[in-house]
Amino acid sequence: IAVIVEVLTDNKNRTASQLRTIFNKNGGNLGSSGSASHNFTQVGVIRIEKNAIKEERVLELAIEAGATECFSYEDFHEIHCDKNSIYSVKKKLEENIANFISTELEWIPNNKVVVSKDNQELANSFLEDLDNNDDVQNIYTNLNLVNN
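Calculation rules
For every chain, the first residue of the written sequence is number 1, and numbering continues from 1 onward in sequence order. Given that this is a predicted model, residues contribute local features only at a pLDDT of at least 70 and side-chain atom pairs are listed and counted only at 80 or more, while totals for whole chains, interfaces and linings are drawn from all residues. To get the side-chain values, all heavy atoms of the structure are used, and hydrogens and water are removed first. Strands qualify as paired when DSSP identifies two bridges or more between them. Secondary structure elements follow DSSP: runs of H or I of four or more residues count as helices, runs of E of two or more count as strands, with numbering from the N terminus. Interaxial angle, 0 to 180 degrees, is taken between N-to-C directions of lines fitted to C-alpha atoms, where a helix line uses only the stretch in contact. Residue contacts are counted whenever heavy atoms from the two residues lie within 4.5 Å of one another. Classification of ring pairs rests on two measures: the distance between centres of Phe, Tyr or Trp rings, Trp counted by its six-membered ring, which must be within 6.5 Å, and the angle between planes, read as stacked under 30 degrees, edge-to-face over 60 and tilted in between. The cut-offs for exposure are 20% and 50% of the maximum accessible area for each residue type, with area from a 1.4 Å probe on protein chains only; residues under the lower value are buried, those over the upper are exposed, and the others partly exposed. Over a ring means this: the NZ of a Lys or the CZ of an Arg is within 6 Å of the ring centre and within 35 degrees of the ring normal. Should an angle fall under 35 degrees it is called roughly parallel, over 145 degrees roughly antiparallel, and 65 to 115 degrees roughly perpendicular, with every other angle called oblique. Put simply, Ala, Val, Leu, Ile, Met, Phe, Trp, Tyr, Cys and Pro go in the nonpolar bin, Asp, Glu, Lys and Arg in the charged bin, and everything else, Gly too, in the polar bin.

Caption draft 1: View of the sheet that holds strand S4 (residues 76-82). Taking strand neighbours across the sheet as the criterion, the four strands line up as S3-S4-S2-S5 in an open arrangement whose pairing is antiparallel. The open sheet has two free edges, formed respectively by strand S3 (69-72) and strand S5 (100-109), since each of these has just one partner strand. Neighbour to neighbour, the strand axes of the sheet diverge by 25° on average, direction disregarded. Judged from the seven bridges that link them, strand S2 (residues 40-49) and S4 form a sheet pairing that is antiparallel. Each bridged residue has a counterpart across the sheet, and for Gly 44 the counterpart in S4 is Cys 81. In the packing of helix H3 (residues 86-94) onto the sheet, contacts are made with S2, S4 and S5, and the angle to S5 comes to roughly 145°.

So, in structure tokens, the structure goes:
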């Protein structure tokens, strides 16, 4: 699997060493900066509370605002747009929507990798170890867990 880890640290060497240890402990290796990014596309992601607007209306507004994709999940709507136009898209949406959950740049995988049930525990443990590091802000992966 490919993983992008965004960190915020006051000690680059300490954090790199800690992350390298986590990767090695879990059978992976820490690549150089940007080495996994070719597996992902950075996009603007805007999330809106599901009860704030109907699915058909949010899709219509997203298209008018210049979004590239719109998804509806159980609790929220998610709008994807070009990373350079995220704030102009949000500004247009704000004319009709008041309740936003978040507006962020995120790394979306180009292709997902299926991990068998046998390896799910190992993958989850690895991602949990990364998440438990105080310097880690965001983790993006192309992992797709399946129930086999």
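Caption draft 2: Summary view of the packing of aromatic side chains. Counting across every chain of the model gives three aromatic pairs. Judged by centre distance (6.3 Å) and plane angle (25°), the ring pair of Phe 71 and Tyr 73 falls under stacked. Taking the relative accessible area as the measure of exposure, Tyr 73 reaches 38% and is therefore partly exposed. One Lys or Arg, Lys 90, reaches over the ring of Phe 100 and ends 4.9 Å from the middle of that ring.

Caption draft 3: Here's a closer look at the packing of helix H1 (residues 12-25) against helix H4 (residues 117-131). Viewed as axis vectors pointing N to C, H1 and H4 meet at an angle of 170°, and their least axial separation amounts to 10 Å. Considering their axes alone, H1 and H4 lie roughly antiparallel with respect to each other. Here Leu 19, Ile 22, Phe 23 and Lys 25 of H1 come into contact with H4, specifically with Phe 126, Asp 129 and Leu 130. The residue inventory of the contact of H1 with H4, partitioned by class, reads five nonpolar, no polar and two charged.

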